[in-house]
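Residue strings, one per chain:
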Amino acid sequence: MMITKRQFSVTIVIFITLLLLFMGFQIGKEAASTPGLNKYVSDIDCKSKSTASEPAFVNPGTTGKPEKLSKENEWIVFVGNENSGYADTVKEWSYYTRNPVSLSKELPLAGSESLPDIIMVEPAFVNEHSKQIADLMEKGVDVIFLDLPDFSYMESDYLLQKMLGIRKVYQEEITLKGMHLFKGFLLGGERVFETDSEEDEDKFQDLDLTVPWYSVRGSTKTFMRGTLSDEDAEEALAKQLKNEDMPAIVWRSYYGKGNAFVVNGNYIRNRMIGMGFLQAMMYERKDYVVYPVINSQVFSVDCLPILTNENQKTVEELYGRSITKAQSDIIIPMFITLSAKYDKKTTCFLSVKYNRSDPEQPSQDLMKTYLPMIDEMNGELALSENHPDSGFNSEELESDFEYLTSEAPKYRISAIMSSFGNLKELSDAVINANDQNIRTVSTSAHNESIPVVGYQNDRITCQQTTSNLTRHTFTDELEHLGVQTLLAYSNCYYNIADAFYPETDEDKWQNSSREIFSNLTTYNKPFEMLDCLTITESDSRIRTYFSLNYKAERNADVITVTTDSDSADGTGYFILRTHDERIDSISGGKFKQIEENAYLISTEREKTEIKLSSSLSALVDMEGSNR
């Protein structure tokens, strides 16, 4: 078939147009690419610690009302030991919520002229004080029982049972099959923490399943209950036991004019779970809550890349090439694919030399290879000071700074990762080294003395990792949901050095890679609407979070959130939780729905107005108020 001149001309025009479009795309891509620079670091001086304090109680030793309690705050008293695990959780929760908490070893007297809004009480301080607690609840004080006294006391104290909404004390111990967390308490939805095989039991089930069995009244609201083994379930069925008869773990009851929130187990002493539970209880007390959050989901890969060809024999046997080649040929391309497919940003904490005792020295000119690859995955490069069997060494830190200055003089490293527990010593060493670029330190060591996020000194923030992607147990999942509920923050962690120094087959890259990518995409799925950030972007959000002054007020169906423009760097983020109300419209900001009755609010002006209406999709719980 002959092609006419017209057809030929049209074909040439289309071809040239496509060529120009492709060239323009490539030019734009190259222009946007900045492999020699850290595009996440700005020249703006990082905000020093201003309103952020340290986790601490106010008015220690007294039940008196704190002097500086704002009208947005509630009067809360913690009754317990200052150095207990309960106290650590309550202090850090107070730190994030900006709601001061008084410390006392005595319960307030119901006849006092003024009474707290909330009392959080350790189990040891409940014994022999049921009448005093009942009198306080009669006056409208809400009481959070952070755990329960021992079974023998619970069995004998009928007034306490009545306050807590306990219908029957069944038995001192039962070993459960798992736990059922109902939706609407912690953010993230419903969860059933049980397994069907021994292999999964060993892999996932690490909750304390041996608990006292208390059944609660129909007027209570259960947030988490135990699930029975097949044998116990058959016995319960034979006895015609109902849902409310199942072992209650977390619930709310009413007594007098007050609420009683009850935890049957040691969950509050795990601060990530405990802080999430406390925040969820604050929501359950009110028609709605608005509170500031960080809105940051970080993916941290430690020791990627390692810049020394160490452990050569083992690595060659495992991957048929050196560490540096295995990273550029196998590992980093997988992270590039992950970034493109799931829109993830990866923070890579490079290790100049992981094993300090290995005779090999750091390679030269490798940054020219790795920087464009990190840029292609939309990632950020930071520094790792994690090393096997060695603590922190300030001289090695300075040596690493010198290497990076030589190999990548224009790339500004702003973050350091360390499993060394004393982050303050690391932060002070950074200042002593006079490295003005470092603005945040991260740690993979779950040190209870270090806040999940906070300040290490006047200039440097800290960001703890919240989960290890090579494992995700049921406790890990509860911790994940707890921190997301309180802060809308996560920092998922993986150490690539495990693949080059494997202790088990699971550590080898071909096995661990499946686990980390599956966990990263599966367990963060309920929070896909939150922002995936690098460690430096997250640092900026943390500084804004701590410096944000705000107030939230409601008039009819309109909630007004007012922020202090001098306190926030850019957009502020809040979570709004309602009970069967949805957002009808918003001005001065934007919103995303997290789940039913929960929204992420971004404020773009000093005043943001949110108009609510009754939720058309609200469903009545077929089992009534007790699920």
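Notes on the structure follow. (Residues numbered from 1 in each chain as written. Predicted model: local features only at pLDDT ≥ 70, side-chain atom pairs only at ≥ 80, totals over all residues. Heavy atoms only, no water.)

What follows deals with the overall build of the protein chain. If you tally the helices and strands in the protein chain, you get 17 helices and 29 strands. Here the protein chain holds 627 residues, and the buried ones make up 54% of them. At a minimum sequence separation of 6, the contacts of the protein chain that also span at least 24 residues come to 76%. When the accessible area of the protein chain is evaluated, it comes to approximately 28,100 Å², of which 48% is carbon and sulfur surface. (Helix = DSSP H or I, 4+ residues; strand = E, 2+ residues; numbered from the N terminus. Buried < 20%, exposed > 50% of the residue type's maximum accessible area, 1.4 Å probe, protein only. Contact = heavy atoms within 4.5 Å. Areas by Shrake-Rupley, 256 points an atom, 1.4 Å probe, with all protein chains shown as cover.)

This brings us to the sheet that holds strand 26 (residues 581-587). Pairing is antiparallel in the open sheet, where four strands are placed in the order 23-24-29-26. Both outer strands of the open sheet, strand 23 (550-555) and strand 26, are each paired with one neighbouring strand and no more. Taking the axes of each pair of neighbouring strands and ignoring which way they run, one obtains an average angle of 25° across the sheet. Relative to strand 29 (residues 607-614), strand 24 (residues 558-563) runs antiparallel, the two being bridged by five bridges. Among the inter-strand pairings, I559 is bridged to a residue of strand 29, identified as I610. (Pairing = 2+ DSSP bridges. Axes fitted to C-alpha atoms, helices over the stretch in contact; angles between N-to-C directions.)

Okay, the side chain of T308 next. Here T308 is to be found in the loop between strand 13 (296-306) and helix 9 (312-319). Only 2.7 Å separates the side chain of T308 from the backbone oxygen of V352, close enough to count as a polar contact. Look past the residues within four positions of T308 in its chain and what remains in contact with it is I323, V352, K353, E360, Q361 and P362. (Polar contact = N/O pair within 3.5 Å; in protein donor to acceptor, adjacent residues only side chain to side chain.)

Helix length check: helix 8 (residues 271-284) (14 residues) gives 20 Å between terminal C-alpha atoms against 20 Å at 1.5 Å per residue, within 8%. Within helix 8, 14 of the 14 residues are buried, which leaves it mostly tucked inside the rest of the structure. (Expected span 1.5 Å × (residues − 1).)

On to the packing of aromatic side chains, then. Aromatic rings considered in pairs are described by the distance between their centres and by the relative angle of their planes. Scanning the model with the defined rule gives 23 aromatic pairs in all. Ring plane angle 55° and centroid distance 5.6 Å describe the contact between F185 and F277, whose orientation is recorded as tilted. Of this pair, F185 sits in the loop between strand 6 (178-181) and strand 7 (191-193) while F277 sits in helix 8, placing them 92 residues apart in sequence. In this structure F277 comes out as buried when scored by relative accessible area, which is 0%. Aromatic pair Y319 and F500: ring centres 5.9 Å apart, planes at 85°, arrangement edge-to-face. Within this pair, whereas Y319 is found in helix 9, its partner F500 is found in helix 15 (residues 497-500), the two being separated by 181 residues in sequence. Each member of the pair, Y319 together with F500, is buried. An aromatic cluster of at least three residues, connected via ring pairs, comprises Y95, Y96, Y455, Y545 and F546. The ring of Y545 has R98 sitting right over it, with the charged end atom 4.5 Å from the ring centre. The cationic tip of R577 hangs over the ring face of Y283; the distance from NZ or CZ to the ring centre is 4.0 Å. (Phe/Tyr/Trp six-rings, centres within 6.5 Å; stacked < 30°, edge-to-face > 60°. Lys NZ or Arg CZ within 6 Å of the ring centre and 35° of its normal.)

Take the packing of helix 10 (residues 323-342) against helix 16 (residues 509-523) next. Running from amino to carboxyl end, helix 10 crosses helix 16 at an angle of 20°, the nearest separation of the two axes being 12 Å. Between helix 10 and helix 16, the crossing angle belongs to the class labelled roughly parallel. When you trace helix 10 past helix 16, the crossing you get is right-handed. Contacts between helix 10 and helix 16 involve I330, I331, M334, F335, L338 and Y342 from the first element and W509, S513, I516, F517, L520 and T521 from the second. When its residues are assigned to classes, the contact of helix 10 with helix 16 shows ten nonpolar, two polar and no charged. (Parallel < 35°, antiparallel > 145°, perpendicular 65-115°, else oblique. Left-handed = near helix turned anticlockwise from the far one by under 90°. Nonpolar A, V, L, I, M, F, W, Y, C, P; charged D, E, K, R; others polar.)

The next thing to look at is the packing of helix 10 against helix 11 (residues 367-376). Where helix 10 meets helix 11, the axes come as close as 10 Å, and the angle between the chain directions of the two elements is 10°. In terms of their interaxial angle, helix 10 and helix 11 are classed as roughly parallel. In contact with T324, Q327, S328, I332, P333 and I336 of helix 10, helix 11 contributes T369, Y370, M373 and E376. Class assignment of the residues belonging to the contact of helix 10 with helix 11 gives a composition of five nonpolar, four polar and one charged.

What follows deals with helix 12 (residues 394-407). For helix 12, which comprises 14 residues, the first-to-last C-alpha distance of 20 Å matches the rise-based estimate of 20 Å (1.5 Å per residue) to within 8%. Residues of helix 12 that are buried: L397, D400, F401, Y403, L404 and E407. Across the axial projection of helix 12, the buried residues extend over an arc of 160°, all falling on one side. Those residues of helix 12 that are exposed and aimed more than 90 degrees away from the buried face are E395, E402, T405 and S406. (Arc of directions from axis to C-beta.)

If you look at the biggest cluster of nonpolar residues, it comprises 74 residues, and the most contacted ones within it are F78, Y96, M120, Y267 and F277. Top element by residues in this core is helix 8. It accounts for nine residues. Ignoring any residue separated from it by four or fewer positions in sequence, one finds M120 in contact with I76, V77, F78, V79, V90, W93, I144, L146, L278 and M282. Counting 57 residues, the second largest nonpolar core, distinct from the first, contains F392, L397, I460 and F500. (Core = buried A, V, L, I, M, F, W, Y, C linked by side-chain atoms within 4.5 Å.)

Looking now at unusual backbone geometry. In this model, L304 is joined to P305 through a cis peptide bond whose omega is 0°. Of note, P305 is situated in strand 13. A positive phi is found at D343, a non-glycine position, where the angle reads about 55°. Tracing the backbone through its elements, the reader meets D343 in the loop between helix 10 and strand 14 (347-351).

Turning next to the pairing of strand 11 (residues 258-263). Most of strand 11 is tucked away: six of the six residues are buried. In strand 11, alternate side chains face the same way, and those of G258, A260 and V262 on one face and N259, F261 and V263 on the other are all buried. Two elements, strand 4 (residues 142-145) and strand 11, share three bridges in a ladder whose sense is parallel. Note that in strand 11 the partner of V143 across the bridge is A260. Across six bridges, the pairing between strand 10 (residues 248-255) and strand 11 is antiparallel. The partner of Y255 across the bridge, within strand 11, is G258. Once strand 10 ends, the chain turns through two residues before running back antiparallel as strand 11, passing G256 with a positive phi of about 60°.

Neighbouring strands of a sheet are bound in pairs by backbone hydrogen bonds; such pairs are parallel or else antiparallel. Ordered in space as 2-1-3-4-11-10-9-6-7, the nine strands form an open sheet in which the pairing is mixed. Of all strands in the sheet, those bounded by a partner on one side alone are strand 2 (101-104) and strand 7. In this sheet, adjacent strand axes meet at a mean angle of 20° when their direction is disregarded. Where strand 6 and strand 9 (residues 221-227) come together, four bridges link them in antiparallel fashion. Along strand 9, the bridge assignment pairs M179 with G226.

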